[in-house]
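Observations on the model geometry
Each chain, written out:
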Amino acid sequence: MTVAATDIPLAASRGWSRTQATGLVLLLAVVAFALLTPLLVPVDPLKQSLRHTLAGPDAAAPFGYDHLGRSLMARLAAALRLSLLIAAAAVGTSALLGVGLGVLAAWRGGLADRLASLLADSVLALPGLLTVLIIMAIVPNTPLAFWIGLSLVLWVEYFRLTRATVSRMIVAPGVQATRLLGFGPFYIFRRHLWPELAPMLLTVAALGAATTIMTVAALGFVSVGMRPPTPELGLMMVELLPYYREAPMALMSPVLATFLTLLGLNLIAGGRRA
Amino acid sequence: MMRLLGYRAMQALLVALLVGVLTFLMMQALPGDMAFRIAAGRYGYDMVTAGAADAVRAELGLDRPALQAFGLWFLDLLRLDLGTSVLSGAPVIDEIRHQLGASLQLAGAALILSLLMGLPIGIAAGLRAGGWLDRALLVGSTALRSVPQFLMGLILIVLVSIQLGWLPAAGHGRPEHFILPALTLALGLAAASARITRDAMAGVAASPFYAFGRWKGLSEGQMLRRHGLRNIGVALITFLGLQFAMLVEGVVVVETIFGWPGIGHALVHAIFGRDVPMVQGTALMLGLGFVALNTLIDLAAHRIDPRGARP
Amino acid sequence: MFIRFLSSAALTMTLAGPSFATPGVLDVVAPFEIKGADPALSGNVFIKMDVAETLVNSDTEGRLQPGLATEWEVSEDGLKWSFALREGVVFHDGTPLTAEAAAHALIVAQGKPGLLETAPITAIEAESEHRLTITLAEPFAPLPAFLSEYRSLIYAPSAYDADGNVTAAVGTGAYRVTRLDPPLRLDVEAFAAHWQGEAAIRQASYQAVGRAETRALLAESGDADYVFNLDPASMARLTGAEGLEVMSVPTPRSLLIKVNAGHPALAQPEARAAVSMAIDREGLALAILRYPAGADQILPPSLPDWHVEGLAPLPYDPEAARRQLADLGWTPGPDGILMRDEERFALTLTTYPDRPELPLSAAVLQQMLAEIGVEITIDSTNSSEIPARHGDGSLDLALVARNFALVPDPIGTFLTDYAPTGDWGAMNWENEEFSTLIRGLARGEGGQAERDRAVTILQTDLPVIPVAWYQQTAAVSKGVIGAVLDPYERSIGLKDMRWAE
């Protein structure tokens, strides 16, 4: 599990670059596929038909069938919905937590800042995998456990970034002037801090979403994540792996779906204008 | 400097406390009976019965209240005693030494491999920011990072071991066993470190003092040695330190695919077998190791570039 | 280390041959992790690698053979067993095998959870230097079979510390341990002073690889000489691969649905029979296990003593199942799930992912039972939840892969699981006749007629619903001769193997 943003821009520029736009299109295509498939081809992703084991595509299953004769398209869409949902929830929660604490620490300074930073550094020192796995041992519902566990791991990145940016900006002349004019903290945050923070947070969010999707798939792949028969990308891969000679395309579909989703997110994260 | 060390000491203490609290919660909120879980981990699914669970409960004193168990663990910790694994009966410290060693070797090999690949490419791309190599690096590294590690491992096994028959598919114990798992980890890491190097190098190459150096008539090679490397060093070392720690903890997937006896593998087993002393010991060692590594990085960064005093 | 690593990388890149099995070392790969030197934890590995031996052996058909004991006899009243130990046997530490040493090993084994603990043993004593006696509280015919189990391995006194903890694997086997790296690796070399003489293959290594896919890849790439336990899909792929022989053999392990016979919906045998009729066993076996081994009774024909020829097979007839449930008062509710008064025919099926085919089979069963209006929720969890939920009564159904030959004689498993109930067998089920038959058989009374009757009772009363019979599989390199695939999972034939020339 590669948690944490690897290269956070020190000074991000505004606006979307072409690379980022490509990533966004890719991501939207994946989301559209995940959401529209059940409407266009309504097949139960759990419905088996042992006569169709590893069969090729037909009208009911445009991507063919898996080893239990379940529609690969329906399963893929369901798996993507699950991963994207967990990613969105984890990114949302961790961003809220991290940015909130970050602003608070930078704004208040002093002991509050020191304590929050110490907590963040200590959480960062704990193996992320351990946190996620322990939460999974405590919370019986796996998607919920992923959400909680990953949020606990991912908030640190937002916190560090927000705290650094805000404490730099807060002494800038513009902010000081606004303060002297008597505007409240909320106005200052919206007017001065947010425009500066937003592009950087976007990068962290995209990387966080990629981390989440990769973690869910990886733990599924090593059989400690979601449980069968739930459609999940990593589980689909490990279930279809033994058939790689007989049905290479069946294995390729979750592989490609994972790759395209992660590529989309990485392009959004890394493709900022230099 | 003293303030920095003091801060790190506080951090270490908090890490130990966090580990204790998390594992304490785990013991409290278990969906399932701990004695049964341990019996299943010890004797396997063919042999786990209520009788075996009772024997485990009696042997390990699991009837003890959790708060008391937590207190005992912390007391033992103060005496530098991590206890014994409830699954194997071996001292936790011995198990960790063996498994952390295997993980460190693998992570080290991966790190070196990634530097050999990532560093030259990153420098070359950074010196000519916007050139074809730079653009190719952007595309290549983004694509590489979008391949999950387990997928990368699988592709390498099928390609290199099965189709070409060049290297063993999995295993541990001989030098050639290192190559595929290390390469699996290194490819993703190389992509990232090339980007970091490239960004730092591009920044340095565009700086006034670099231009001044060129005026002075220094050659490209001299420039790189005198100004370039030293300036990208700090960024790279900070990044690599972070990555190394993540490699050690995060190789669980690669470890299971390649049958490598590492710490991630041990951690998963310990958590699923409810081997609490093992979970506590492993988490503690990893957490404290991370703190120690960070301290070293701070000191190293200070040494390379004394101007940038970090918190 | 890194210099060595890099240079060897360069070397292997240039010198790489087609196979990476180490020359001169026989590489064994199996799914079982090594948890320690203790037979109670990892005896199955030490017995397979011929590191340690038991008093009694069993061959691949489950017949008992002399092991470290050359012969044994039981007193008239069936309470005193006497074992004559083989002379001239030495442990790997050079000390001779004595009755004293063997008694010590067995007493330690008996004190740990396991089968031996359940036998009615009152004393294990050394009578003379090479004669060991075991005293029982009541007659117990399968005692020699119990002693052939891997947890009854005989270790030298030097293997134990003062508290009876095992510190090293010091046995009498044809191979001695040169390196033990739990959890994944064990290296052994031939023991020159073994009582059968030195083995032909001088060095061997054992590697635990948990993932079936990785094991198959290791066989496919030629890295391992003996790969134990392949997943069904890889099995199909490897059959016909160059340089490999793929073996399979029926084992005394059955895929069963454990039923809570105290559950209101499952209390009548007719209800259990209806559930059984909803199961397309052949379809499930072919799709998941990929061999035609649907179980139409509890144990396969490879165990002739416990397989009743001519017993009416468990049928597949969803139509009849629906009728039978209708007769019991169940009618389809608005969503197709059966209802009886306010009660909904909804059950939880507990299973465990340790064996990857279990959750898959559970998913298939879920669909099959939905066809007759029974709603199944799958709970794939830790294996220990099954005995735990058996204990607190919260279990509905469990899908288990039960080994009937932990000892070569299935009577041991029937005794612990079905007479009358057991953690991995019947639940809230009591059949006086069955219990009497099995207890009698355990005392050594009765024979084939009694066994047939017992199996027939299980078939009609269905305290568990048989689904499929397992096969054990292995892939062996054509570079070795003499490999054995033992249905009882005791031996791989290591000490009798040799290199092909």
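The rules behind these values
- Residues numbered from 1 in each chain as written.
- Chains lettered and ligands numbered in written order.
- Predicted model: local features only at pLDDT ≥ 70, side-chain atom pairs only at ≥ 80, totals over all residues.
- Heavy atoms only, no water.
- Phe/Tyr/Trp six-rings, centres within 6.5 Å; stacked < 30°, edge-to-face > 60°.
- Helix = DSSP H or I, 4+ residues; strand = E, 2+ residues; numbered from the N terminus.
- Buried < 20%, exposed > 50% of the residue type's maximum accessible area, 1.4 Å probe, protein only.
- Lys NZ or Arg CZ within 6 Å of the ring centre and 35° of its normal.
- Contact = heavy atoms within 4.5 Å.
- Buried area = accessible area lost by both parts, 1.4 Å probe.
- Salt bridge = Lys/Arg side-chain N within 4 Å of Asp/Glu carboxyl O.
- Polar contact = N/O pair within 3.5 Å; in protein donor to acceptor, adjacent residues only side chain to side chain.
- pLDDT = per-residue confidence, 0-100.
- Patch = residues over 30% accessible without salt bridge, like charges linked within 9 Å, V, L, I, M, F, W, Y side chains within 5 Å.
- Areas by Shrake-Rupley, 256 points an atom, 1.4 Å probe, with all protein chains shown as cover.

**Describing the packing of aromatic side chains**
Residue and element names in this part refer to chain C.
- Using the criterion set out here, one finds 20 aromatic pairs over all chains in the structure.
- Ring geometry for W306 and F414: centres 4.6 Å apart, planes at 20 degrees, overall stacked. Residue W306 is found in the loop between α9 (281–289) and α10 (318–327), and its partner F414 is found in helix α13 (residues 411–418); the two are separated by 108 residues along the sequence.
- On the basis of relative accessible area, W306 is assigned to the buried category, the value being 4%.
- Site record: aromatic cluster; members linked through ring pairs are W306, F404, F414, Y418, W429 and F434.
- Over the face of the ring belonging to F228 we find K48, whose NZ or CZ atom lies 5.4 Å from the ring centre.
- The ring of Y470 carries R355 above its face, with NZ or CZ at 4.7 Å from the centroid.

**Some thoughts on the interface of chain A and chain C**
- Each side of the interface is counted separately: chain A has 20 residues, and chain C has 24 residues.
- When chain A packs against chain C, the two sides together hide about 1800 Å² of surface, and 57% of this comes from carbon and sulfur.
- Here E371 of chain C and K47 of chain A are joined by a salt bridge, their closest N and O atoms 3.9 Å apart.
- On the surface where chain A and chain C come into contact, there are 2 residue pairs in polar contact (both at pLDDT 80 or more).

**Some words on the confidence of the model for chain A**
- Predicted confidence across chain A gives a mean pLDDT of 83, with 93% of residues reaching 70 or more.
- Across chain A, element-level confidence peaks in helix α2 (residues 72–108) of chain A with a mean pLDDT of 92 and bottoms out in helix α6 (residues 173–180) of chain A with 80.

**Structural notes on a nonpolar patch on the surface**
Residue and element names in this part refer to chain A.
- Taken together, the side chains of L35, L36, L39 and L40 present a nonpolar region at the surface, about 450 Å² in accessible area.
- As for its placement among the helices and strands, L39 is situated in helix α1 (residues 18–40).
- The class of L39 is exposed, set by a relative accessible area of 65%.

**Brief notes about the environment of V108 of chain C**
Residues and elements named next belong to chain C.
- Mapped onto the elements of the fold, V108 is located in helix α3 (residues 99–110).
- With 254 residues separating them along the chain, V108 and A362 place their C-alpha atoms 39 Å apart.
- With residues up to four places along the chain from it excluded, the contact list for V108 reads Y160 and G164.

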